[in-house]
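Structural description and commentary
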Amino acid sequence: MAYNLVRHFSMVFQLNVQREAIMFSGVRHKSTVQYATRPDRPKLAYRKVEGKSPGVVFLPGFASNMGGKKAEALEEFCQSLGHSYLRFDYTGCGSSEGEMVDGTVGTWKKDVLYVLDELVEGPQILVGSSMGGWLMCLAAIARPERTAAMVGISTAADHFVTVYNTLPIEARKEIEEKGQWVVPTKHNAEGSITFTTEFLKEAEQHRVLQSPIPVTCPVRLIHGMKDQDVPWHISMQVAERVLSNDVDVILRKHGQHRMTEKEDIKLIVYTIDDLIDKLTTLV
């Protein structure tokens, strides 16, 4: 399998000044929060913009929500092009019902599949940030007919499980005795994230890097080389394992994990714009 590696950010897509002004002006009307009622499951909060196909669906990271800079910028962009767009909160996160502590990778995978099955129409470009990149892969495997392309941002495929399994045996024994693993982070007020051993065991069932990933659509993987949370090598592993021949890995030399700087977001937007052009040209 061949894929292209771009080691430094370069502007390879050409958009005119007027379109860029529209995308980043922030003057367009925002979508409103809606709630999807699901039998025997918590209500799912989402925002949707109607438009042309292919649509774009944004998948947030762990303990994140649909109100971040990337999610907002992509809505502006899709509105400017007239393409459909949906962003949502996982069960237990943001405005969705449920408790975060009850969430699992499997629970959130079901959320994504529900969105694809019930809330959008036609093929979608899945844009997954961090853990959302992992869920993006799982969704593409489960719904290949609904996945037009994938764009991973700091993709954290298998990351919780991989890091846990690399801990010393003594550390893992202590965690198992306590029933939880406390991981330091600078991304929340508490300064740490707690994973239960039950969460980790369940996540183990959803690993995607142990074998070829049966995805054949175009794949774009964007990662910052200064990412201190999820190593950029994970995006390389995803690129190596997907069966698609249309795979680009784009590394930003000074990019951080969240990829929310203006130039980061421009790169994400231009990458999606290029995919939309590619997909609509093929139709």
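Refer to the structure printed above.
Note that the structure is a prediction, hence the values are computed from the model and not measured. (Residues numbered from 1 in each chain as written. Predicted model: local features only at pLDDT ≥ 70, side-chain atom pairs only at ≥ 80, totals over all residues. Heavy atoms only, no water.)

Attention now moves to the pairing of strand 11 (residues 247-252). Across the six residues of strand 11, six count as buried, placing the element largely inside the fold. Along strand 11, one buried face is formed by Val247, Val249 and Leu251 and the opposite face, lined by Asp248, Ile250 and Arg252, is buried too. The handedness of the strand 10 (residues 219-224) to strand 11 crossover, carried by helix 8 (residues 233-241), is right-handed. (Buried < 20%, exposed > 50% of the residue type's maximum accessible area, 1.4 Å probe, protein only. Helix = DSSP H or I, 4+ residues; strand = E, 2+ residues; numbered from the N terminus. Right-handed = clockwise from strand over helix to strand, strands pointing away.)

Formed by 57 residues in total, the largest nonpolar core has its most connected members in Phe88, Tyr90, Trp134 and Leu135. Non-local contacts of tryptophan 134, meaning those with residues more than four positions away in its chain, are made with Val105, Thr155, Ala156, Ala157, Asp158, His159, Phe160, Val161, Ala203, His206, Arg207 and Val208. Judged by nonpolar contacts, the second largest core, of 28 residues, contains Val56, Leu81, Ile125 and Ile250. (Core = buried A, V, L, I, M, F, W, Y, C linked by side-chain atoms within 4.5 Å. Contact = heavy atoms within 4.5 Å.)

Before going further, it helps to examine the environment of cysteine 78. Relative to the helices and strands, cysteine 78 is located in helix 2 (residues 69-81). By relative accessible area, cysteine 78 is classed as buried at 1%. In this structure the C-alpha to C-alpha distance between cysteine 78 and valine 49, which are 29 residues apart in sequence, comes to 8.1 Å. The contact partners of cysteine 78, leaving out residues within four places of it in the chain, are Val56, His83, Ser84 and Tyr85.

Using the criterion set out here, one finds 13 aromatic pairs in the structure. A centroid spacing of 6.1 Å and a plane angle of 55° characterise the contact between tryptophan 108 and phenylalanine 199, whose relative ring orientation is tilted. With a gap of 91 residues between them, tryptophan 108 in helix 3 (residues 105-119) and phenylalanine 199 in helix 7 (residues 197-204) connect regions that are remote in the sequence. With a relative accessible area of 1%, tryptophan 108 lands in the buried category. (Phe/Tyr/Trp six-rings, centres within 6.5 Å; stacked < 30°, edge-to-face > 60°.)

Right, let's talk about helix 6 (residues 169-178) for a bit. Residues separated by three or four positions in an α-helix point in the same direction, a consequence of the helix having 3.6 residues per turn. Counting buried positions along helix 6 yields one of 10 residues, so the element is predominantly exposed. Positive backbone phi, approximately 85°, marks glycine 179, located one or two places after helix 6.

A separate point is the pattern of salt bridges. In this structure the tally under the stated criterion is 15 salt bridges. With a shortest N-O distance of 3.1 Å, arginine 41 and aspartate 111 are connected by a salt bridge. Of this pair, arginine 41 sits in strand 3 (residues 41-49) while aspartate 111 sits in helix 3, and the two are 70 residues apart along the sequence. On the basis of relative accessibility, which here comes to 0%, the residue aspartate 111 falls in the buried class. Its salt-bridge partner being aspartate 117, residue arginine 143 comes within 2.8 Å of it at the nearest N-O pair. With arginine 143 in the loop between helix 4 (131-142) and strand 7 (147-153) and aspartate 117 in helix 3, this pair connects stretches of sequence that are 26 residues apart. A single salt-bridge network, built from bridges that share partners, covers Lys30, Glu72, Glu75 and Arg87. (Salt bridge = Lys/Arg side-chain N within 4 Å of Asp/Glu carboxyl O.)

As far as function goes, none of this settles anything; it's purely spatial.
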